Amino acid sequence: GGCATCHGGPNFVGARIENNGLEFPLVDTGVGGITGQPADMGKFKMSSLRNVEMTAPYMHDGRFATLEDVVNHYSTGVVMNVNLGPTLTQPGPPGQPPVVRRPNFTPQERDGLVAFMKTLTDPVFLADPKYADPF
């Protein structure tokens, strides 16, 4: 699925902001609403996948309740727009613009991705008092 392109490194997060094809026309302009730059419209900071099992709901606006919903989005639900991240596009037919790259995961692949993400949950870290809410 190319997930590691954006969610790589030791914390499974990139330092980029990207548009992940949640919607078009855009309801939330994201970083573009702050910078005013057309190229930033609909872009958001990527989050870490560390302990992702514990951080529902998902996406910047909480639109997905489960990890399964997130995987389904990337499998078949990405919506094309001019700022869509390059990992989520592929070349179109000759002379045509790029198109959405949809991996169309099988049910087993979807289950496997969710199971993998759940392995990134660190119960020792989550229970460590030095990271607890001080209030």
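Here the structure is a predicted model, which means the values were calculated and not measured. (Residues numbered from 1 in each chain as written. Predicted model: local features only at pLDDT ≥ 70, side-chain atom pairs only at ≥ 80, totals over all residues. Heavy atoms only, no water.)

**A look at the pattern of salt bridges**
The tally for this structure, following the rule as stated, stands at three salt bridges. As a salt-bridge pair, glutamate 23 and arginine 63 come within 2.8 Å of each other at their nearest N and O atoms. Of this pair, glutamate 23 sits in the loop between β1 (17-18) and α2 (31-35) while arginine 63 is found in the loop between β2 (44-45) and α3 (67-77), placing the two residues 40 residues apart along the sequence. One salt bridge in this structure joins arginine 63 and aspartate 61, with 2.7 Å as the shortest N-O distance. (Salt bridge = Lys/Arg side-chain N within 4 Å of Asp/Glu carboxyl O. Helix = DSSP H or I, 4+ residues; strand = E, 2+ residues; numbered from the N terminus.)

**A look at the layout of surface pockets**
Quantified by volume, the largest pocket comes out at close to 860 Å³. If you trace the largest pocket, you find 38 residues lining it, with His7, Leu49, Met59, Val70 and Tyr74 closest to the centre. For the lining of the largest pocket, the secondary structure elements donating two or more residues are α1 (3-6), β2, α3 and α4 (107-118). With four residues, α3 is the largest single contributor of residues to the lining of the largest pocket. Among the residues making up the lining of the largest pocket, the classes are represented as 23 nonpolar, 11 polar and four charged. (1 Å grid on protein atoms, 1.4 Å probe; cavity = no way out; pocket = protein on both sides within 12 Å on 5 of 7 lines; lining within 4 Å. Points joined across faces, edges and corners; volume = space filled by probe spheres on them. Nonpolar A, V, L, I, M, F, W, Y, C, P; charged D, E, K, R; others polar.)

**Side note on unusual backbone geometry**
Following phenylalanine 24, the chain continues into proline 25 via a peptide bond in cis, with omega recorded as 5°. With an omega dihedral of 0°, the bond running from alanine 56 to proline 57 counts as a cis peptide bond. Considering the arrangement of structural elements, one finds proline 57 in the loop between β2 and α3. Non-glycine residue methionine 59 carries a positive phi angle of around 80°.

**Some words on a nonpolar patch on the surface**
Among the surface-exposed residues, Met54, Phe125, Leu126 and Tyr131 lie close enough to one another that they form a single nonpolar patch of about 410 Å² accessible area. Positionally, leucine 126 belongs in helix α5 (residues 123-127). The partly exposed category is assigned to leucine 126, whose relative accessible area is 41%. (Patch = residues over 30% accessible without salt bridge, like charges linked within 9 Å, V, L, I, M, F, W, Y side chains within 5 Å. Areas by Shrake-Rupley, 256 points an atom, 1.4 Å probe, with all protein chains shown as cover. Buried < 20%, exposed > 50% of the residue type's maximum accessible area, 1.4 Å probe, protein only.)

**Some points on the packing of aromatic side chains**
Each aromatic ring pair is described using two quantities: the centre-to-centre distance and the angle formed by the ring planes. Under the counting rule described, the total for this entry stands at two aromatic pairs. For the pair phenylalanine 12 and phenylalanine 116, a centre-to-centre distance of 6.0 Å together with 75° between the ring planes defines the contact as edge-to-face. Note that phenylalanine 12 is positioned in the loop between α1 and β1 and phenylalanine 116 in helix α4, a separation of 104 residues in sequence. On the basis of an interplanar angle of 35° and a centroid distance of 4.6 Å, the ring pair of phenylalanine 125 and tyrosine 131 is categorised as tilted. For phenylalanine 125, a relative accessible area of 35% gives the class partly exposed. (Phe/Tyr/Trp six-rings, centres within 6.5 Å; stacked < 30°, edge-to-face > 60°.)

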